[in-house]
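Listed below are the residues making up each chain.
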Amino acid sequence: MKRHPSLHPLSQHHHFALIQALEMRRATEAPAEKRAAAVQRQAGKFIRFWHKTGIVHFREEEEVLLPEYARHTRLDLDTEVMQILADHAEIRAAVSDFERRLADNIPVDAKEMARIGKLLHDHVRLEENKVFPRIEKALGEERLNAMGRRLTRLHSKNDVCEM
Ligand SMILES: [Fe+2]
Ligand SMILES: [Fe+2]
C-alpha cells in the first residue's frame, strides 16, 4: 500500500531501522571467534542510531501520531497499538542496557541482540503493514496533512542517520 506523504518522514526512519535490525542479526551470526567484537561494535552503532534517529522517531509516534489516532479510536481497543507501545518500552530498555554495558565494558549478549534485532524488525513491519494503513484510513486527508506538518517540525531538527 502506498504511504500517505504525511507519514513519509516516519517511513524513512523505518528504512534505516530495518538496516539496523539486519546489522544486528548479521553481527550475532558472525563466526564464533569474531562474534563478540561484532556484537559490541554493532551495539555502539545502534546506540548512535538511537540518539540520532530513534529518540525523535518514538516521540513522533507517541506524541503526535498516536494522540491523533486517539481522537478516532480508543487505543486500548487496538491490540496492535498496545503492542507497539509495549515494543517501544522494550526497545528503550534494551537501549539503556546496551548503553550501560558499553560504558562499563561488559559484553552485550549476542542472544539478547538477536532478540532485539528481531523485535525491531517485526515492530517496523507491524507499523508499516498494519497500523499505519489503519491510521491513514481513520484520519483522512485533512487531518493527515495537518499531522504531517507537526511531524516535519519535529523531524527537521534531526537528520536521518545512515550508519
Ligand atoms: Fe514505533
Ligand atoms: Fe516507527
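Remember, it's a predicted structure, so these values are computed and weren't measured experimentally.

Draft legend 1. Molecular detail of the overall build of the protein. Along its length, the protein carries four helices and zero strands. The linear arrangement of helices and strands in the protein, starting from the amino end, is α-α-α-α. The C-alpha atoms of the protein give 17 Å as radius of gyration, which agrees with the globular expectation for 163 residues (15 Å, within 12%). Overall, the C-alpha framework of the protein stretches about 55 × 30 × 30 Å when taken along its three principal axes. Considering the protein as a whole, with its 163 residues, one finds that 28% of them fall into the buried category. Across the protein, the fraction of contacts at a sequence separation of at least 24, relative to all contacts at a separation of at least 6, is 85%.

Draft legend 2. Summary view of helix α3 (residues 79–103). Taking 1.5 Å as the rise per residue, α3 with 25 residues should run 36 Å; its terminal C-alpha atoms sit 36 Å apart, in good agreement. The elements touched by buried residues of α3 are α2 (32–70) and α4 (110–155).

Draft legend 3. Layout of the environment of L75. In this fold, L75 is placed in the loop between α2 and α3. In this structure, the C-alpha to C-alpha distance between L75 and I19, residues 56 residues apart in sequence, is 29 Å.

Draft legend 4. Looking closely at the environment of I55. With respect to the secondary-structure elements, I55 resides in helix α2. Spatially, the C-alpha atom of I55 lies 9.1 Å from that of R92, the residues being 37 residues apart in sequence.

Draft legend 5. Layout of unusual backbone geometry. Of note in the backbone geometry, N105 takes a positive phi value of approximately 60° without being a glycine. Within the element layout of this structure, N105 appears in the loop between α3 and α4.

Draft legend 6. Layout of the packing of α3 against α4. Here α3 crosses α4 at 150°, and the two axes come no closer than 10 Å. Here α3 is positioned roughly antiparallel relative to α4, judged by the angle of their axes. The handedness of the crossing between α3 and α4 is left-handed. Two secondary-structure elements touch here, α3 through E80, V81, Q83, I84, D87, E90, I91 and A94 and α4 through I116, L119, L120, H123, L126, E127, K130 and V131. Of the residues assigned to the contact of α3 with α4, the class counts are nine nonpolar, two polar and five charged.

Criteria and cut-off values
- Throughout this document, residue positions are counted from 1 along each chain, in the order its sequence is written.
- As they are written, the chains are lettered A onward and the ligands numbered 1 onward, keeping that order.
- Local features are withheld for residues below a pLDDT of 70 in this predicted model, meaning they are given only at 70 or higher, and side-chain atom pairs are given and counted only at 80 or more; totals for whole chains, interfaces and linings count all residues.
- Going along the chain from the N terminus, every DSSP run of H or I of four or more residues is numbered as a helix, and every run of E of two or more is numbered as a strand.
- We compute the radius of gyration from the C-alpha atoms alone; for a globule the expected value is 2.2 Å times N to the 0.38, where N is the number of residues.
- Three exposure classes are used, based on other C-beta atoms lying within 10 Å of a residue's own C-beta, which is placed from the backbone: buried for 20 or more, exposed for 12 or fewer, and partly exposed in between.
- Once C-beta atoms have been placed from the backbone, residue pairs whose C-beta atoms lie within 7 Å are recorded as contacts.
- To estimate the expected span of a helix, count its residues, drop one, and scale the result by 1.5 Å.
- Geometry is summarised by axes, namely lines fitted to C-alpha atoms with helices restricted to the contacting stretch, and by angles between N-to-C directions that run from 0 to 180 degrees.
- Put simply, angles under 35 degrees are roughly parallel, angles over 145 are roughly antiparallel, angles from 65 to 115 are roughly perpendicular, and the rest are oblique.
- Handedness of a helix crossing follows the sense of rotation of the near helix relative to the far helix, less than a right angle counterclockwise being left-handed and clockwise being right-handed.
- Think of it as three bins: nonpolar holds Ala, Val, Leu, Ile, Met, Phe, Trp, Tyr, Cys and Pro, charged holds Asp, Glu, Lys and Arg, and polar takes everything else, Gly as well.

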